[in-house]
Amino acid sequence: MRQKAVKELTVEEQFELIKRGTVEVVPEEELKQKLAKAKKEGIPLRIKLGIDPTAPDIHLGFAVVLRKLRQFQDMGHEVVLIVGDFTAGIGDPSGRSETRPVLSAEQIRANAETFTSQFWLILDRSKTTLTFNGDWLGKMTFYDVIKETSRVTVARVLERDDFQKRLAEGRPIGLHELMYPIAQALDSVEVRADVEIGGTDQRFNIMMGRDLQEAHGQEAQVGLFMPLLPGLDGVQKMSKSLGNYIGITEPPKNMFGKAMSIPDEVMLQYFELATNLPKEEVDQIKKGLEEGTLHPMDAKKRLAYEITRLYHDEEAAKREKEEFERVFSQRELPSDIPDAVVPGSELSDGKIWAPKLLVVTGMAKSNREAKGLIEQGAVTIDGERVADPNSDIEVQTGQILKVGKLRFGRLVLGE
RNA sequence: GGGGGGAUUCCCGAGUGGCCAAAGGGAGCAGACUGUAAAUCUGUUGCGGAACGCUUCGGAGGUUCGAAUCCUCCUCCCCCCA
């Protein structure tokens, strides 16, 4: 997927590549001008991305943005990552109907650690500058802050959707939250960003960056807005806090399995945003699905395969695909079943009360939950259904305990 | 500073002395159907091995045989006036 270096691509070619997959480039003309100037002078553009280290893992939704950045790098441009160690203490109101919880300094640092180590799975480290906005925002005096805020009107800030909504619904808005867009905009001023990239929910903040840069006598940055990848539920955007995400460092098994569980409706979006398949191929899949010549499940397997391949390798992707087919299509046992240890102290005469078995092996949280599962016919041992929640059952090492469709355990009797 | 409204289980939200482990919806889990998708139908979702008991309705006290519900104080939120 290496792109040609900056000098080899025409401005038009660069522009087309950059534009692909974005929702909007604002304004397009300015981007072309910047690209032309960069090419002419041989000075790479500075592409800014701000990250709030609120959630420690990078997921496919965020990867959409990172992958676009990588594209810039492959064209020879530079990426400036700004870890919002300072702004995390404010809480970005974007896309939120509630006030964000404010993180502790230790939490922020720990998250930033994880984040940065995961960046290099996608980005080219040699073309990335990593900064922390506490380095400059933290040094501003109250006077400095007031001076900056004087450039922005209250009406302008309250325009934004998130605030409007909360006001209408009578939910709280902290005064500090109004400051967030200004803080983010000052980042753009500080690093003299040529382009700022973000999800569509970043529109307001990025536009504010343009305003403040101009106020500081700089050339305004171009806003590049990426689509938000829907989460596993197919409805809300992928996010850590909603738990509907696929992390880019997840093991192949989870990655493949989670990808298979997305609703059909968002499959194409995933192909477009989360894989490296060329446009022509995605179009072909789309056509196949529409005409009914391609089975949705086959398409989804392909998707899961591509995603797994991207963050692991060909072999892992292949293995998980076969595994998936074995377990779910043929309904055979998975090849790798974790041990489920039953302490000897729980046994009497080699028997154990059925709900207890689920609890000691971690298959259920409580006896009550376990009883419910048994009553609903979710539990089998060696393929045989455990029907009576009151029964004591005889267990042996090596038996396969299955709870629901996904939870397997190979019983191991302890001392 | 003054006046009014509010906080209920994972989320939203009903409940204004016992019939309340608390309606309804969402979400989750499970079963059927399937393509481990969606949709649909059914069941289930505080804890303790039954009876029954225990813990839970913002926090702390109190009234009462009995409190999510009444009283006092506290914390937090929203609206109006200034």
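Every value quoted in this text rests on a predicted model; they were computed, and no experiment measured them.

Novice: Can you help me understand the sheet that holds strand β3 (residues 78-83) in this one?
Specialist: Think of a sheet as strands paired side by side through backbone hydrogen bonds, with each pair either parallel or antiparallel. With respect to topology, six strands assemble into an open sheet ordered β1-β6-β5-β2-β3-β4, the strand pairing being mixed. Looking along the sheet, the strands with just one partner apiece sit at the ends: β1 (24-26) and β4 (128-132). Direction aside, the axes of adjacent strands within the sheet are offset by 25° on average. Strand direction decides the pairing type here: β1 and strand β6 (residues 222-226), joined by three bridges, are antiparallel. Across the sheet, the residue bridging to V26 is G223, located in β6. Sheet strands in contact with helix α4 (residues 105-119) are β2 (46-51), β3 and β4, and its direction is about 175° off that of β4. Against the sheet, helix α10 (residues 203-215) engages β1, β5 (195-199) and β6, with an angle of about 170° to β6.

Novice: Is there a simple way to explain the protein's contact with RNA strand B in this structure?
Specialist: Taken together, 31 residues sit near RNA strand B, with G170, D264, F324, N367 and R368 positioned nearest. For RNA strand B, the backbone portion of the atoms within 4 Å of the protein, that is sugar and phosphate, comes to 52%. At a separation of 3.1 Å, a base nitrogen of RNA strand B approaches a polar side-chain atom of W353. Separating a phosphate oxygen of RNA strand B from a side-chain N or O atom of R407 is a distance of 3.4 Å. Sort the elements by how many residues they give to the surface near RNA strand B and helix α17 (residues 367-375) lands first, with four residues.

Novice: Is there a simple way to think about the sheet that holds strand β13 (residues 407-413) in this case?
Specialist: As summarised here, the arrangement of the five strands in space is β7-β13-β12-β9-β10, forming an open sheet in which the pairing is mixed. Among the strands making up the open sheet, the edge pair consists of β7 (339-342) and β10 (384-385). Of the strand pairs in this sheet, strand β12 (residues 400-403) and β13 are connected by four bridges, and their pairing is antiparallel. Paired with K402 across the bridge in β13 is F408.

Novice: Help me out: how do you make sense of unusual backbone geometry in this one?
Specialist: It is generally the case that most residues other than glycine have a negative phi and that most peptide bonds are trans. With an omega dihedral of -15°, the bond running from V26 to P27 counts as a cis peptide bond. Checked against the element boundaries, P27 lands in the loop between β1 and α2 (28-41). You will see that R192, though not glycine, has its phi angle at about 50°, which is positive. For R192, the position within the fold is in the loop between α9 (175-191) and β5. Taking relative accessible area as the criterion, R192 reaches 55% and is therefore assigned exposed. With a phi angle near 50°, D382 is a residue other than glycine that sits in the positive phi range. Position of D382 relative to the elements: it lies in the loop between β9 (379-381) and β10. Under the relative-accessibility criterion, D382 is labelled partly exposed at 47%.

Conventions we followed
Residues numbered from 1 in each chain as written. Chains lettered and ligands numbered in written order. Predicted model: local features only at pLDDT ≥ 70, side-chain atom pairs only at ≥ 80, totals over all residues. Heavy atoms only, no water. Pairing = 2+ DSSP bridges. Helix = DSSP H or I, 4+ residues; strand = E, 2+ residues; numbered from the N terminus. Axes fitted to C-alpha atoms, helices over the stretch in contact; angles between N-to-C directions. Contact = heavy atoms within 4.5 Å. Near = heavy atom within 4 Å. Polar contact = N/O pair within 3.5 Å; in protein donor to acceptor, adjacent residues only side chain to side chain. Buried < 20%, exposed > 50% of the residue type's maximum accessible area, 1.4 Å probe, protein only.

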